[in-house]
Amino acid sequence: MDAPEHPPIEQFAELHVTTNFTFLEGASHPEDYVRRAKELGLEAVAITDRNSLAGIVRAYAEAKKIDQRILIGAELFLSDDQRLVALPTDRAAYGRLCRLISLGRQRAEKGQCLIHRDDVLEWRTGMIFILLPPEDIDADFEARLEAWTEDLQQDLYLAADNLKQGHDHERLVKLFAISKRHQIPVVATNHALMHVPENRAIADVLTCIREHCEIENAGQRLQKNAERHLKGVEEMRALFTGYEAAVARSCE
C-alpha cells in the first residue's frame, strides 16, 4: 500500500450528524450542533438524521442567525441494512431527496421507512453519497461497496471514523486498502450523536429507553465512550495521523 497523502489541513466539515429528530438516538438538538460548529470553527456541519429531514428547519434558523454554514442531508437506512449519507448539491436534488424519503415513509408503518437500493439509484441525481461501513468489514461489505461504486461512480465516498474503541488502527488500514482497490475516496467523520461529550449520559438514557432496559444491565448496548461528538480540525488531524487526506476531503 502506498504511503498516505499528507495535504495541509486548514478546515474540517462534519458530514454525519444525528440530532434528537432521530428519535431515541440523537442526544443533541440541531441548533446545539450549529452553535458548537461555530465555536469549533468548522467549515460546515451536515444535519443528517435517519430517513428524515425534520431537524433541518431549526438548524437553518440557528445557522442564519450566527452565520454558520450547514449542509442539508439525511442518513438513508435501506431495506438491506446498508446505510448511506445523502447530501443534495442543489435545490432540485433536495426535492428528490424529499420525494425519496416520502416514498419510503408511505410504504411503511407509521414511524418507519422502507427504502430500497433501486430507489436510491432512481432518485440519485444531484446527490453526493457517503457509504457507511458496518462494524465488521468483511468480503460481503466489499462486494456491496464495489456494486455501489459501479452505480454511483464519482458521487460516492467511503466514511471512516476513529472513535478510540481499541481496534481503530486496524480498521483504518482495512478501509483505506479497500478504498484503494476500488478507487473510492475516504472521508473522515465522527457520526456525531451529541454536540459535546457531556451529553453522553443523555445518549445512554435514550439507548435504555429504546432497548427497554435499565442502565445497570444495558451492557454493550451503551456507547463505548463519549467520542461521538463534534470535533475541531486539530483534534481530527491528530485522530487521522497518516490519513490526513480523509480530513481535508471533508471540505470538498
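Residues numbered from 1 in each chain as written. Predicted model: local features only at pLDDT ≥ 70, side-chain atom pairs only at ≥ 80, totals over all residues. Heavy atoms only, no water.

Caption draft 1: The arrangement of the sheet that holds strand β4 (residues 74–77) in detail. Spatially, the 5 strands line up as an open sheet ordered β4-β5-β6-β7-β8, and their pairing is mixed. Both edges of this open sheet fall to β4 and β8 (186–188), since each of them pairs with a single strand only. Neighbour-to-neighbour, the strand axes of this sheet turn through a mean angle of 35°, independent of strand direction. Sheet strands in contact with helix α3 (residues 91–107) are β4, β5 (83–88) and β6 (127–132), and its direction is about 35° off that of β4. (Pairing = 2+ DSSP bridges. Helix = DSSP H or I, 4+ residues; strand = E, 2+ residues; numbered from the N terminus. Axes fitted to C-alpha atoms, helices over the stretch in contact; angles between N-to-C directions. Contact = heavy atoms within 4.5 Å.)

Caption draft 2: Structural view of the nonpolar core. Within the largest apolar cluster, 53 residues are counted, with the highest numbers of intra-cluster contacts made by Leu-76, Leu-97, Phe-129, Leu-131, Trp-148, Leu-158 and Phe-240. With sequence-adjacent residues up to four places away left out, Phe-129 is seen in contact with Leu-76, Leu-84, Val-85, Ala-86, Val-120, Arg-124, Leu-152, Asp-155, Leu-156 and Tyr-157. Counting 11 residues, the second-largest nonpolar core is a separate cluster that includes Ala-13, Leu-15, Tyr-157 and Val-187. (Core = buried A, V, L, I, M, F, W, Y, C linked by side-chain atoms within 4.5 Å. Buried < 20%, exposed > 50% of the residue type's maximum accessible area, 1.4 Å probe, protein only.)

Caption draft 3: Fine view of unusual backbone geometry. A positive phi is found at Gln-183, a non-glycine position, where the angle reads about 55°. By the element assignment, Gln-183 lies in the loop between α6 (168–182) and β8. Despite not being glycine, His-212 shows a phi value in the positive range, around 55°.

Caption draft 4: Summary view of the pairing of strand β7 (residues 156–160). In terms of residue burial, β7 counts as a mostly covered element, since 5 of its 5 residues are buried. Neither face of β7 is left uncovered, since the one carrying Leu-156, Leu-158 and Ala-160 and the one carrying Tyr-157 and Ala-159 both have all their residues buried. Pairing between β6 and β7: 3 bridges, direction parallel. Residue pairing across strands places Ile-130 opposite Tyr-157, the latter belonging to β7. Of the strand pairs in this sheet, β7 and β8 are connected by 3 bridges, and their pairing is parallel.

Caption draft 5: View of helix α7 (residues 200–211). Taking 1.5 Å as the rise per residue, α7 with 12 residues should run 16 Å; its terminal C-alpha atoms sit 16 Å apart, in good agreement. Within α7, burial applies to Ala-203, Asp-204, Leu-206, Thr-207 and Cys-208. (Expected span 1.5 Å × (residues − 1).)

Caption draft 6: Representation of the environment of Arg-117 within the structure. Its location among the elements puts Arg-117 in helix α4 (residues 117–123). According to the relative accessible area criterion, Arg-117 is partly exposed, its value standing at 22%. Note: C-alpha distance between Arg-117 and Leu-100 (17 residues apart in sequence) is 11 Å. Among the polar contacts listed, one links the side chain of Arg-117 to the backbone oxygen of Ala-147, at a separation of 3.3 Å. (Polar contact = N/O pair within 3.5 Å; in protein donor to acceptor, adjacent residues only side chain to side chain.)

Caption draft 7: Main features of the layout of surface pockets. A volume near 1,000 Å³ is recorded for the largest pocket. The leading source of residues in the lining of the largest pocket is α7, at 5 residues. Its residues placed into classes, the lining of the largest pocket shows 13 nonpolar, 9 polar and 18 charged. Taken as a whole, the second largest pocket spans an internal volume of roughly 430 Å³. Contributing to the lining of the second largest pocket are 17 residues, with Arg-50, Asn-51, Arg-105, Gly-111 and Gln-112 lying nearest its centre. (1 Å grid on protein atoms, 1.4 Å probe; cavity = no way out; pocket = protein on both sides within 12 Å on 5 of 7 lines; lining within 4 Å. Points joined across faces, edges and corners; volume = space filled by probe spheres on them. Nonpolar A, V, L, I, M, F, W, Y, C, P; charged D, E, K, R; others polar.)

Caption draft 8: Quick peek at the packing of helix α5 (residues 139–152) against α6. Close contact between α5 and α6 brings their axes to 11 Å; oriented N to C, the two are set at 40°. Here α5 is positioned oblique relative to α6, judged by the angle of their axes. Judged by the sense of rotation from one axis to the other, the crossing of α5 with α6 is right-handed. Across the interface between the two elements, Glu-142, Leu-145, Glu-146 and Thr-149 of α5 pack against Ile-178, Arg-181 and His-182 of α6. Taken together, the residues of the contact of α5 with α6 sort by class into 2 nonpolar, 2 polar and 3 charged. (Parallel < 35°, antiparallel > 145°, perpendicular 65-115°, else oblique. Left-handed = near helix turned anticlockwise from the far one by under 90°.)

Caption draft 9: Region of interest: the pattern of salt bridges. Evaluation of the coordinates by the stated rule reveals 17 salt bridges. Here Asp-140 makes a salt bridge to Arg-144, at a shortest N to O gap of 3.7 Å. Separated by 4 residues within a single helix, Asp-140 and Arg-144 lie in helix α5, roughly one turn from each other. On the basis of relative accessibility, which here comes to 47%, the residue Asp-140 falls in the partly exposed class. (Salt bridge = Lys/Arg side-chain N within 4 Å of Asp/Glu carboxyl O.)

The quantities given are spatial measurements derived from coordinates; they are silent on function.
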